[in-house]
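Commentary on secondary and tertiary structure
Listed below, chain by chain, are the residues.
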Amino acid sequence: MSDSGSDEDLTPEDRGSTESVRKGCDPLVSTQRSKLQQRRAKLNQQINRELLLRSGAENLYRASTNQKVKETVALELSFVNSNLQLLKEELEELNSSMNIYQTESETLNVPMIPLGLKETKEIDMTVPLQDFIAEHYGEDASLYLNEIQDFMELRQAMRTPSRNEAGQELLMEYFNQLYFLDQRFFSPHRSLGVHFHWYDSLTGVPSVQRALAFEKGSVLFNIGALYTQIGARQDRSTLSGIEDAIDAFQRAAGAFLYLQENFSHAPSLDMSGSALSMLVRLMVAQVQECVCEKVLLNIQDIHLNVLLQAAQEAARVSDVYSLVLQAMSVPLLKDYVPFSWISMVQVKTHHFRALAHYYTAVALCDCSGVGDEDEDGAEIKALVQIHTRQPEKLNLQDPEDKRRLGKAHLRKAIIRHEEALRLHGVCKMLRKMDILQEVLSDAHTRSLEKYSDIDQEDDFCEVAEAPEVQSHTQQKPDIKAPDFSVVRVTDIFHRLGPLSVFSARNRWTRRHVCLVRGEAGLGLTLRGDSPVLVAGVLPGGCAAEGGLREGDYIVAVNSVDCRWAEHAEVVHALKSCPDRGLELDIITLQTHEVERRMNLSPSGEQDYQSGSQRRAGREYGGSSSSVWGWSWRNSGVMRPAYKSE
């Protein structure tokens with residue numbers, strides 16, 4: 001949960017146009033979020049240590065036959081479990097902290113619920129990657145130390161993204177690089193031997209997997225979580241701030257939904273299907289809340305249609321938060337979701353339902369019909385339709401009946417406000433949020449004052465209960481799936497060669513061939529580029545005698561690497577051969593796919609794209625499923641945009 005950093009408000013001009021996005025925040029900067037991060041990291045380490053102690057004690061208890069030893073171990077286990085429970089409660093309290101993510105604006109708005117980032121351990125991939133380069137690619141691994149260092153620096157920076165668009169670009173860049181890493185180094189035939197450690201975003205429980213899919217999923221989770229923090233910090237007192245918050249929460253919902261639909265068998269509870277479904281609903285509810293705030297922001301005059309729209313929007317917010325509460329109450333999550341989250345959702349459910357009744361009451365009491373008959377008829381129709389059922393024994397053309405119905409709505413609003421305040425007082429974390437207390441109290445006071453204004457001492461004819469307000473919204477949430485092509489990346493390990501050939505999934509043999517040009521030429525036909533394919537070999541020609549075969553790839557000419565060379569460049573190099581002949585480095589793929597390609601007609605250019613097309617990333621297929629437990633559910637995954645050099 002790397003939430004630290006102090007450069008949140010820097011613009012691209014402030015950062016400098018030449019600075020790479022591969023720069024995370026300094027986790028040691030003494031900001032509120034960095035202090036929280038340090039405490040989280042320390043608690044995660046303590047929890048991990050206690051879990052190891054408990055595992056060892058349980059193993060000893062099962063293995064021992066000595067009764068005294070068992071009694072001692074049982075006592076130690078109770079002590080460890082007690083410590084573990086205290087640490088988890090402390091971590092839950094930290095993870096429930098919402099104040100530090102909120103906007104610093106002085107405007108009174110109900111705080112949003114942001115999500116802390118998942119934390120990961122630093123890993124050293126130097127030796128595993130060097131070993132794979134030497135064994136699989138047959139290259140001098142020491143020549144790729146810079147590339148390995150670049151990747152590790154990118155991963156290190158990804159652990160502490162800034163809370164702005166630069167932080168999102170950093171996470172996106174790393175996510176896109178994982179696609180290339182998967183293709184280059186994660187073979188279905190062997191394990192790379194790298195273990196990815198990630199901590200649950202809410203409980204801090206560690207999970208360890210060898211599957212790169214776990215790393216991808218965790219980064220994607222952090223992309224969504226970072227959007228929740230960006231949304232929560234927007235100044236929602238302005239229209240532009242509300243629009244930015246809506247966009248951020250919609251993108252967060254898209255990231256969590258994409259994760260839910262494309263990954264399966266998550267090892268940590270925060271990325272389980274139930275948790276992700278709940279998070280999507282929570283983000284949609286917060287979008288709906290922002291839409292309601294936008295309507296309330298536009299209330300200038302007391303106009304019937306505007307007030308009724310505000311009432312219906314508020315009712316809609318209450319309804320969607322009720323759905324969030326249901327998602328949080330499923331058996332898998334009811335003891336997992338922080339109590340402060342549940343309390344906040346309950347508070348918002350009652351608060352916005354109270355607002356719906358309040359604005360309906362204002363519309364009934366303050367918007368008297370002063371127009372012609374048609375306008376009055378439209379007004380009555382609107383007042384009837386806003387209710388889930390028609391008010392009984394009331395004539396809404398009668399101002400006195402409208403006042404009584406408005407008074408009934410205000411009574412409901414006051415009851416809901418009081419329940420919201422009660423729930424706020426029950427939760428320790430919410431009591432610390434002064435702005436929430438102020439928002440709820442102000443809304444409650446406003447309803448009481450309105451009730452006092454319309455109350456009459458001689459009013460003995462009361463409406464038993466006002467109908468509920470019909471929920472409706474003018475702007476439905478638009479869940480935005482992550483667009484990985486926004487951040488264009490260059491494959492860090494592109495020097496290994498074009499990915500269509502030089503990948504972990506392909507196997508090949510490499511050999512050295514010497515050719516001397518004869519009177520009839522070299523006796524071979526070439527096709528495609530990057531790398532160039534030997535499409536045909538003339539029987540009895542120089543190429544055939546030298547050992548070239550149809551389907552071979554030319555990767556070097558006279559020790560000059562041509563894996564990324566265009567067709568014309570290789571042809572020119574072959575024609576420019578000296579009298580002593582040519583020295584070619586050749587590889588032959590050991591796959592059935594190559595055999596099929598060798599049987600293609602010479603006119604099959606569609607199967608061999610140009611070098612510019614390959615460098616545009618069109619050669620790359622979707623990620624295959626991992627064999628280590630956590631996997632892509634859909635093979636048609638988004639591919640990163642490839643930036644040509």
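The following paragraphs examine the structure supplied in this document. Owing to the predicted nature of the structure, the values given are computational and were not obtained by experimental measurement. (Residues numbered from 1 in each chain as written. Predicted model: local features only at pLDDT ≥ 70, side-chain atom pairs only at ≥ 80, totals over all residues. Heavy atoms only, no water.)

Regarding the overall build of the protein
Secondary structure assignment for the protein yields 19 helices and ten strands. The 645 residues of the protein split such that 53% are buried. Pairs at least 24 apart in sequence give 79% of the contacts found in the protein among residues at least 6 apart. If you sum the accessible surface of the protein, you get close to 29,200 Å²; carbon and sulfur atoms cover 48% of it. (Helix = DSSP H or I, 4+ residues; strand = E, 2+ residues; numbered from the N terminus. Buried < 20%, exposed > 50% of the residue type's maximum accessible area, 1.4 Å probe, protein only. Contact = heavy atoms within 4.5 Å. Areas by Shrake-Rupley, 256 points an atom, 1.4 Å probe, with all protein chains shown as cover.)

So, the nonpolar core
With 143 residues, the main nonpolar core has Leu181, Phe185, Phe221, Phe256, Trp341 and Phe493 as its most contacted residues. Counting residues per element, this core draws most heavily on helix H11 (residues 339-366), which supplies 16 residues. Judged by nonpolar contacts, the second largest core, of 18 residues, contains Leu526, Leu574, Cys577 and Ile586. (Core = buried A, V, L, I, M, F, W, Y, C linked by side-chain atoms within 4.5 Å.)

As for empty space enclosed by the protein
Scanning the entire structure with this criterion turns up two cavities of 30 Å³ or more. Together, Leu115, Ser201, Leu202, Phe221, Asp270, Ala275, Met278, Leu279, Tyr336 and Trp341 line the second largest cavity. Per-element tally for the lining of the second largest cavity: the top contributor is helix H9 (residues 273-297), with three residues. In terms of residue class, the lining of the second largest cavity is built from eight nonpolar, one polar and one charged. (1 Å grid on protein atoms, 1.4 Å probe; cavity = no way out; pocket = protein on both sides within 12 Å on 5 of 7 lines; lining within 4 Å. Points joined across faces, edges and corners; volume = space filled by probe spheres on them. Nonpolar A, V, L, I, M, F, W, Y, C, P; charged D, E, K, R; others polar.)

Looking at the packing of helix H4 (residues 126-137) against helix H6 (residues 165-185)
The geometry of H4 relative to H6 is characterised by a closest axis approach of 11 Å and an angle of 50° between their N-to-C directions. The orientation of H4 with respect to H6, classified from their angle, is oblique. Contact residues: H4 offers Leu129, Phe132, Ile133 and Tyr137, while H6 offers Leu181, Arg184 and Phe185. (Axes fitted to C-alpha atoms, helices over the stretch in contact; angles between N-to-C directions. Parallel < 35°, antiparallel > 145°, perpendicular 65-115°, else oblique.)

A short note on the environment of Asn83
Locating Asn83 in the fold gives a position in helix H3 (residues 67-95). Asn83 gets classed as partly exposed once you look at its relative accessible area, which sits at 22%. Considered as a pair, Asn83 and Glu50 are 33 residues apart in the sequence and their alpha carbons are 7.6 Å apart.

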